[in-house]
Structure formats: C-alpha cells, structure tokens
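# Report on the structure
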Amino acid sequence: MAAAAASIRERQTVALKRMLNFNVPHVKNSTGEPVWKVLIYDRFGQDIISPLLSVKELRDMGITLHLLLHSDRDPIPDVPAVYFVMPTEENIDRLCQDLRNQLYESYYLNFISAISRSKLEDIANAALAASAVTQVAKVFDQYLNFITLEDDMFVLCNQNKELVSYRAINRPDITDTEMETVMDTIVDSLFCFFVTLGAVPIIRCSRGTAAEMVAVKLDKKLRENLRDARNSLFTGDTLGAGQFSFQRPLLVLVDRNIDLATPLHHTWTYQALVHDVLDFHLNRVNLEESSGVENSPAGARPKRKNKKSYDLTPVDRFWQKHKGSPFPEVAESVQQELESYRAQEDEVKRLKSIMGLEGEDEGAISMLSDNTAKLTSAVSSLPELLEKKRLIDLHTNVATAVLEHIKTRKLDVYFEYEEKIMSKTTLDKSLLDIISDPDAGTPEDKMRLFLIYYISTQQVPSEADLEQYKKALTDAGCNLNPLQYIKQWKAFTKMASAPANYGNTTTKPMGLLSRVMNTGSQFVMEGVKNLVLKQQNLPVTRILDNLMEMKSNPETDDYRYFDPKMLRGNDSSVPRNKNPFQEAIVFVVGGGNYIEYQNLVDYIKGKQGKHILYGCSELFNATQFIKQLSQLGQK
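Owing to the predicted nature of the structure, the values given are computational and were not obtained by experimental measurement.

Right, let's get into the packing of helix 17 (residues 443–456) against helix 22 (residues 622–633). For the pair helix 17 and helix 22, the least separation of the axes is 11 Å and the interaxial angle reads 70°. Considered as vectors, helix 17 and helix 22 are oriented roughly perpendicular to each other. In this structure, helix 17 contributes Glu444, Met447, Arg448 and Leu451 to the contact, and helix 22 contributes Ala622, Thr623, Ile626 and Leu629. Among the residues making up the contact of helix 17 with helix 22, the classes are represented as 5 nonpolar, 1 polar and 2 charged.

The following block contains the structure:
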C-alpha cells in the first residue's frame, strides 16, 4: 500500500487503540502513565486483536491483564474494565453476571458487531438490579467484526468459520433460512469492514451465485444506513479521512466456484507454502521440532517433540520482503542474511579480543584509541544484531521445515506438473505415473493433482479411463469422496459455463540449484527444481482486472452493478461510471488462499498508484479444502 493511503490494518489498529483508550483518540506523545485497566474479550475479540497488537503494545496502552470473558476471573474492584465481545446471548448473560458481582470499578462495553435493542435493555436491567448504573461508563458498537492479516488482506472470522465455509454454502440440503443466516453473517462482517474503511463501495458480482446474494444484502444494508442520516456511519468525519475521499472503491464479489483448482494447487511462494504444509494460522506458525534421536539405550522412548510457535508479523522485514518470493530464492536469502550477520558478529568478537590486550604494548594503545569509536558503534548496534539473529533463526527453522516437505513429498514436481495442466501445455509424463509413484507425495497430494486435472480438462476422461485413475488413486490410499463432489460440480457448471482459463504460461526450470549448493549452505536443495514463476493471472485476478479497468469481456460483462448511494436501487449491470477504478476490494465468498492473494499483489505491482485488498469468508489451505470437498462428496 502507498504511504499516503491508510491500510486496513492501520485503520483497524487505530480503532482498537482508541477503544482501549476508553474511546478517546490515542495520543502518542502524551506524558505520564497510561490509565491501568483490564481487557476482557471473548474468542472473537482475541482473534481480532492478536494479529494486530502484541502483549507489549497492550501493556503500553495500560492493559495490565487481558482475560477471556468466560474464564474464572477474580474481582478487581478499583480498576476500570474494557470489554470487547460479540453481542451473543451467553456473552451478555456473563456480562450481566459481572455487573451483579461488582467485579470492576467501571465498565466500558464494546461490542464487536452492532448490539440489538433488546440485548441493550437486558444489560440496562441487570445494571439497575445490581445498582451499577453509574459504573457502566460507555457502551459502543465498534463495527470491527473482521480479522486483518496483512495491510491488504482480511478474513471474516476464525471462531465459527464452519458457519460460513465453502461446505456450508454449497451443501445440497441447506434450507433457505440457514442460507439466510450464512449470508447475514458474511454481510455483517463486510459492513463492519466498510465502516472501518470509511467508504461506500460500488459493488459488482456474478449472477446466480452465493456472491450475488451477498451483494444484494450488502447493498440493502449500506443503503439503509446511508438513508438514516442522523445515525449514518458514513458521514463527515469518518468519510473525509478515508483514503477514498474523491473516488469510491470497487468491491468485486466472486464465488469460490469460479475457480476450484487454485485452492488445491501446490504452490511455490514462501507464504503460500508455509500455509500449505505447516500449521499457519492468524499469522502464527506452529512447528514441531524433532529433537533428534539421542544415543539412548535400545528400547528407550524417542525424545518428545517440542512445539514452537513463531509470529510472522509486518515488523519482520525479511518476511515482508520475501513472503511472495519463490522458495529457492528465500532459502538463498536466509543464507545471505546469515553470512552478513556472522560477519558483523566476528567484528564485535575481534574488537573484544583487541580490548583484552595488555596495556604496556605500544601497538595496542594506538589500536585502542581508534577502536574505541568502533566499539561504541558495535555496542550500540547490539540490540539490532540480536533482533537480526532472532529473525534469521526463525526463518531458518521455518524454511527448513518447509524444505523437508518439499523434498519428502516432491512438491516441486507437483507444482510444475499442475502449472502445466492449468496452462494447458503438453505434459511430459503421464498423470498415472505420478499417481502410482509411491515416492511422490502423500495420498492427499495425489488427490489434489488429479482433481486439478479433472477440473481443468476440457475433455472429461472416459468412464474406462476414470476407473483406471480411480483404481490408481485408491491403491495410493486416497479417499475418493472429493472426486464425487467435483464430478457433480463439473457436470453442473458445464451446463452453466465454460471452465475457467488459467492463461497459458509455463514455468521454466532453471537447472538444479547450483548456487545454493555451495558447501557452506545450510539448505541442501539437491534435486529440488529451481522453478521461476512467470506472472500469470488467476481467474480471480482476471475478473478484477476486467472490472477495475472497465474492460469489456464476456466473462464479466453480465456482472451485476450496485451503487448503494443511488436513491433508487435499480438492478442494471450497466456501470454508471466509465472511469477505471483506483482502489478495489476483491472478496471471495466461500473461502480464499494465499496463492490468490499473492497473485493479486503481483498484479497490482505493475499498476501505478492503484491498491487492492483481498478478503475471503475463510482462509483455508488445500488440506482443509479437500476435507470440505470430501464431506460434500459423502452425500
């Protein structure tokens, strides 16, 4: 994001800090101690705060304790409490119980999403009964019901994500009322997102999909809010400060079903790989570190694996720079960082040894004087060095863990082969060979590969061929349920539209990694292909490009157009505005992934002064997606 435009991450962080400051704007350089207070949140609140504010930042804001609402909390009668919770029945009950038990000195109640009138009355009654009316200092709707993961990426929720998952939206037996609930949940979060962004978007969506249902509801909700001039959330002060003061953003709502191959695709960039093969969740990666087999007597238990978790945050410069790079490049960069760190460390050691020299020696004295200056600078750079070391260790561990997966599962082979399938280039070896190769990948890898082939192919394999594939997949230990669902899906979409096209580009293998192979390297990458990515737009990026640049294209020409600011909502697909957009938000209903996010980031790099945000109803990796497909296929 450009420096001028406030990113969604900044806006949500500012909103949270204001809330923790009793809803008064937070001033950086105010002197004196902050007011000490406790923060009470539910799991939803925790998920929103944790990617944005560290424990240290909370402490700087005066938060001494942060506790879950439904944990056993002791009364702290002389401290104000800031609550940040969803307005659910059980949360409100617990809150009223806190009032009755007089746990805190005063209560600042902040609801993540708007609270209903009746629930407010429940709180008021409880406060009256507990004669604690004066202690309830403020009640606020924060409209923060979404989770920001990057400057330009957000996801709706993490706690009840199965409520809005791909499976929930595509279940054959879903009732209308259930579907309404799912859509309302999504729309509520999107509404919060635009309130926080301070902008009313122009909405485009494909017809006849879940995305269209979201668009209709969101348009209605924004429209109603704008109508109610007294209570509108999009007036003066919030709007003017927005990055979109003169031009409104475009919101493109796409349905996951336009492209099911990408979420199954094996990937080659760092962040997407971490998400694909490790346990990476809300910007934190959990690694199991095997502590190696010790020389223990035979029959002794192997040592327990200890779990470590690392936060991959925006302050991590290495991560910010390399999360979109192809993996071999990342391995090389970690290596370079390590070498430059060692050089700095050696310099400090050298100075230390000189300082230890005997004083009588003439030479040593003269060396000392010009080294004192050097030492002073070395000492002052120590904290920086330590931080550098911490990041190098972190990425060495994470990258090594990823590399293990690439090597044991031959992920480079899968990636290259799938790219060929998706770009319709000629295949150099048969699909059956890979499926029946016992060394290549897990059963799940094979299933992903076959599904991508099945989704991308124009010509559906004949029954006989399909049986042969199925047998090979079953022999390899695959669960065939996902295929059942994809078969139905393909038959259904075939009637509806042509398969998504992935652009025809290929990856060029760059010979094996000769350079990283030098002996000093920690990353032994023999046999892993160094594949160089060529930029190719995935379906989601292509749709965005058409709509943002106002290109005419059969794929997007019949997309519906909504403008919540127009007085009469008319349902045309004719855009009022003919100018290309500067800002766009792509939102995938039914789940997204880092591959698409990275593809959009790469696409927008080439566009001067334009910004994109990527959002999705949930963020899943291929394993989680296969699981949902499998449940859908069991019917």
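Still to come is the rest of the account.
Glancing now at the pattern of salt bridges. Using the criterion set out here, one finds 30 salt bridges in the structure. For the salt bridge of Glu180 with Lys217, the shortest nitrogen-to-oxygen distance reads 2.8 Å. Placement of Glu180 in helix 7 (residues 176–197) and of Lys217 in helix 8 (residues 210–227) is noted, with a sequence separation of 37 residues between them. Judged by its relative accessible area of 22%, Lys217 is partly exposed. Put simply, Lys605 and Asp602 hold a salt bridge, and the shortest N to O gap is 3.4 Å.

Running from N to C, helix 7 and helix 8 point in directions that differ by 55°, and their axes come no closer than 9 Å. With respect to helix 8, the element helix 7 is oriented oblique. The element helix 7 and its partner helix 8 pack so that their crossing is right-handed. Taken together, the residues of helix 8 that come into contact with helix 7 (itself represented by Met179, Glu180, Met183, Asp184, Ile186, Val187, Asp188, Leu190, Phe191 and Phe194) are Ala210, Met213, Val214, Lys217, Leu218, Lys221, Leu222 and Asn225. Here the residues of the contact of helix 7 with helix 8 sort into 12 nonpolar, 1 polar and 5 charged.

Here the chain averages 83 in pLDDT, and 82% of its residues register 70 or above. In the predicted structure, residues 1–5 sits below a pLDDT of 50 and forms 9 contacts with residues beyond four places in sequence or in another chain. This model gives residues 504–521 a pLDDT under 50, and the stretch forms 39 contacts once residues within four places in sequence are excluded.

Before going further, it helps to spend a moment on the pairing of strand 16 (residues 583–589). Most of strand 16 is tucked away: 7 of the 7 residues are buried. Of the two faces of strand 16, both are covered, the one formed by Glu583, Ile585, Phe587 and Val589 as well as the one formed by Ala584, Val586 and Val588. Note: strand 9 (residues 250–255) against strand 16, 6 bridges, orientation parallel. When the sheet's bridge partners are listed, Leu250 is paired in strand 16 with Ala584.

Reading the values: the criteria
Residues numbered from 1 in each chain as written. Predicted model: local features only at pLDDT ≥ 70, side-chain atom pairs only at ≥ 80, totals over all residues. Heavy atoms only, no water. Axes fitted to C-alpha atoms, helices over the stretch in contact; angles between N-to-C directions. Helix = DSSP H or I, 4+ residues; strand = E, 2+ residues; numbered from the N terminus. Parallel < 35°, antiparallel > 145°, perpendicular 65-115°, else oblique. Contact = heavy atoms within 4.5 Å. Nonpolar A, V, L, I, M, F, W, Y, C, P; charged D, E, K, R; others polar. Salt bridge = Lys/Arg side-chain N within 4 Å of Asp/Glu carboxyl O. Buried < 20%, exposed > 50% of the residue type's maximum accessible area, 1.4 Å probe, protein only. Left-handed = near helix turned anticlockwise from the far one by under 90°. pLDDT = per-residue confidence, 0-100. Pairing = 2+ DSSP bridges.

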